[in-house]
Amino acid sequence: MFRKITTLVATAALSGLLVAGAAVAKDPITIKFSHVVAENTAKGQMANKFKDLIAERLAGKVQVEVFPSSQLFNDDGVLKAILLGDVQIAAPALSKFESYTRQLQIFDLPFLFKDMAAVEKFQTSEKGIELLDSLQKKGFVGLGYLHNGMKQLSSNSPLRVPSDANGLKFRIMSSDVLAAQFQALNAVPLKKPFSEVFTLLQTKAIDGQENSWSNIYSQKFFEVQPYITESNHGLLDYMVVTSKEFWMSIPDDERAIVRTALDEAIAFGNKVAEDKSIGDRQLILDSKRCEIIELTDAERSQWVEAMKPVWEQFEEEIGKDMIDAAYQSNM
Ligand code: LMR
């Protein structure tokens, strides 16, 4: 009898251990991070840094898989994929959230921010944080802004004054503000995925595009565009996003560690972005593949004058108070 009880106790203990063992052996949470740029860009390096930090701090519990260069999704598809749970994190350009919120269009208004310091000041202000949270009702969590830099105009022909863009076809991201910006120049905007831009330029299906120094360099646009106008007319920044459902499914203590790792990776990415906006410009210049056109103050004023009416067109959707607050960050 005694032996039977002992065996029963031992069996129960063993099965308890097995259950505990099963809990320990649970599959780690996988975070698929999908993006469209090269690995050596600010976003690429931010994503890889995040992966490394998670591997260091949450080994066996959480793992990150990074899919660069539109391997998994382009930016228009990725937001849907996040909501469906096919991908857990992405960092699309702020211009690509248009079908979910109109408010983020503020970041596309031409000549709104004079430099990245003004962008940073606005994004960390109360209004900037309000915008980061603006996607909550659509099921997203805005985890942070990530910088790339100011946009330049590249083209097959030199663009010194706005009339030089007359009738030319420009690839844009999926943003109505960007469409209006080129329409204001009497140019033709075409919404196309990032992954198609090089070929469109190379085959001359389009005449030009707008992007940051880092993207113009890493995607080799400068090899197929003989002119880049240093216009600094707009911003290319990102929002690191996940779905509310996925975010809340991570246990509290692990979520806190993921959050810290993301903040650190974003800070790292922002430093890379700052360095690249100077370094990649220099690499393009050194390549001698294309001419960088620097605008005089008078020429620049003409671009401002031509593009700025776009603000009024979108004032109602974005909110005048929001635009005023962003503009104030230049002071
Ligand atoms: C673009 O489509 O031009 C950019 O959004 C790509 C990127 O993510 O930097």
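Above this text is the structure in question.
Quick caveat, the model's predicted, so the values are computed rather than measured.

Novice: Explanation requested: the overall build of the protein chain in the structure shown.
Specialist: Scanning the protein chain from N- to C-terminus turns up 13 helices and nine strands. With the principal axes as the frame, the protein chain shows a C-alpha extent of 100 × 45 × 30 Å. Evaluated residue by residue, the protein chain yields a buried proportion of 51% over its 331 residues. Counting contacts in the protein chain only where the partners sit at least 6 residues apart, residues at least 24 apart contribute 76% of the total. When the accessible surface of the protein chain is totalled, it reaches about 15,200 Å², and 54% of it is carbon and sulfur. Taking the 36 positively charged and 44 negatively charged side chains of the protein chain as two groups, their mean positions are separated by 6 Å.

Novice: So what exactly am I meant to see when it comes to the packing of helix α2 (residues 42-57) against helix α10 (residues 252-287) here?
Specialist: The angle between the axes and the distance between the axes are what describe a pair of packed helices. For the pair α2 and α10, the least separation of the axes is 8 Å and the interaxial angle reads 150 degrees. In terms of orientation, α2 and α10 fall into the roughly antiparallel class. Remark: the crossing between α2 and α10 carries right-handed chirality. A breakdown of the residues in the contact of α2 with α10 according to their chemical character gives 14 nonpolar, three polar and four charged.

Novice: I would appreciate a short explanation of unusual backbone geometry in the present structure.
Specialist: When glycine is set aside, most residues are seen to have a negative phi, and most peptide bonds are trans. We note that K220 has phi near 60 degrees; this positive angle belongs to a residue other than glycine. Locating K220 in the fold gives a position in the loop between α8 (213-218) and β8 (227-243). Since its relative accessible area comes to 43%, K220 is described here as partly exposed. A positive phi is found at K288, a non-glycine position, where the angle reads about 60 degrees. Position of K288 relative to the elements: it lies in the loop between α10 and β9 (291-294).

Novice: Hey, could you run me through the nonpolar core in this one?
Specialist: The tendency in soluble globular proteins is for nonpolar side chains to be buried as a group. In this structure, F33, M46, F50, V240 and L262 are the most contacted members of the largest nonpolar core, which totals 62 residues. The element that contributes the greatest number of residues to this core is α10, accounting for six residues. Listed in part, the 36 residues of the second largest apolar core include L112, F140, Y145 and A326.

Novice: What's the story with the environment of E312 in this structure? I'm lost.
Specialist: Mapped onto the secondary structure, E312 falls in helix α12 (residues 309-318). For E312 and I323, which are 11 residues apart along the polypeptide, the C-alpha to C-alpha distance reads 10.0 Å.

Novice: How do you make sense of the site of the ligand when you look at a structure like this?
Specialist: For the ligand, the set of nearby residues contains 13 residues, the closest of which are K43, K96, R171, N215 and Y238. In this structure, K43 approaches the ligand through a side-chain N or O atom, which is 2.7 Å from an oxygen atom. K96 is positioned such that a nitrogen or oxygen atom in its side chain is 2.7 Å from an oxygen atom of the ligand. Protein chains bury 100% of the 270 Å² of accessible surface belonging to the ligand in isolation. For the shell around the ligand, the class distribution of residues is seven nonpolar, two polar and four charged.

Conventions we followed
Residue indices follow the written sequence of each chain, beginning from 1 at its first position. Owing to the predicted nature of the model, reporting of local features is limited to residues with pLDDT of at least 70; listing and counting of side-chain atom pairs is limited to 80 or more, with chain, interface and lining totals taken over all residues. Working from all heavy atoms in the structure, the side-chain values ignore hydrogens and water. The numbering of helices and of strands both runs from the N terminus, where a helix is a DSSP run of H or I of at least 4 residues and a strand a run of E of at least 2. Each residue's exposure class comes from its accessible area (1.4 Å probe, protein chains only) as a fraction of the maximum for that residue type: buried when under 20%, exposed when over 50%, partly exposed otherwise. Residue contacts are defined here by distance: any two heavy atoms, one from each residue, within 4.5 Å place the two residues in contact. Note that accessible areas follow from Shrake-Rupley with a 1.4 Å probe, and for residues the cover is restricted to the protein chains shown. Within this scheme the basic residues Lys and Arg register as positive and the acidic residues Asp and Glu register as negative, but His and the chain ends are omitted. Working definition for charges: the position is that of NZ of Lys, CZ of Arg, CG of Asp or CD of Glu. All axes here are fitted lines through C-alpha atoms, helices being fitted over the stretch that makes contact, and every angle between N-to-C directions spans 0 to 180 degrees. Angles are sorted into four bins: roughly parallel if under 35 degrees, roughly antiparallel if over 145, roughly perpendicular if 65 to 115, and oblique for all others. Crossings are sorted by hand: turned counterclockwise from the far helix by less than a right angle, the near helix makes the crossing left-handed, and turned clockwise it makes it right-handed. Throughout, the ten residues Ala, Val, Leu, Ile, Met, Phe, Trp, Tyr, Cys and Pro are labelled nonpolar, Asp, Glu, Lys and Arg are labelled charged, and all others, Gly among them, are labelled polar. In this text, buried Ala, Val, Leu, Ile, Met, Phe, Trp, Tyr and Cys residues form a nonpolar core when linked through side-chain atoms within 4.5 Å. Working definition: residue near molecule or strand if any one of its non-hydrogen atoms lies within 4 Å of it. Contacts described as polar in this section are N or O atom pairs within 3.5 Å, which, within protein, must combine one atom able to donate a hydrogen with one able to accept it, while residues neighboring in sequence count only if both atoms come from side chains.

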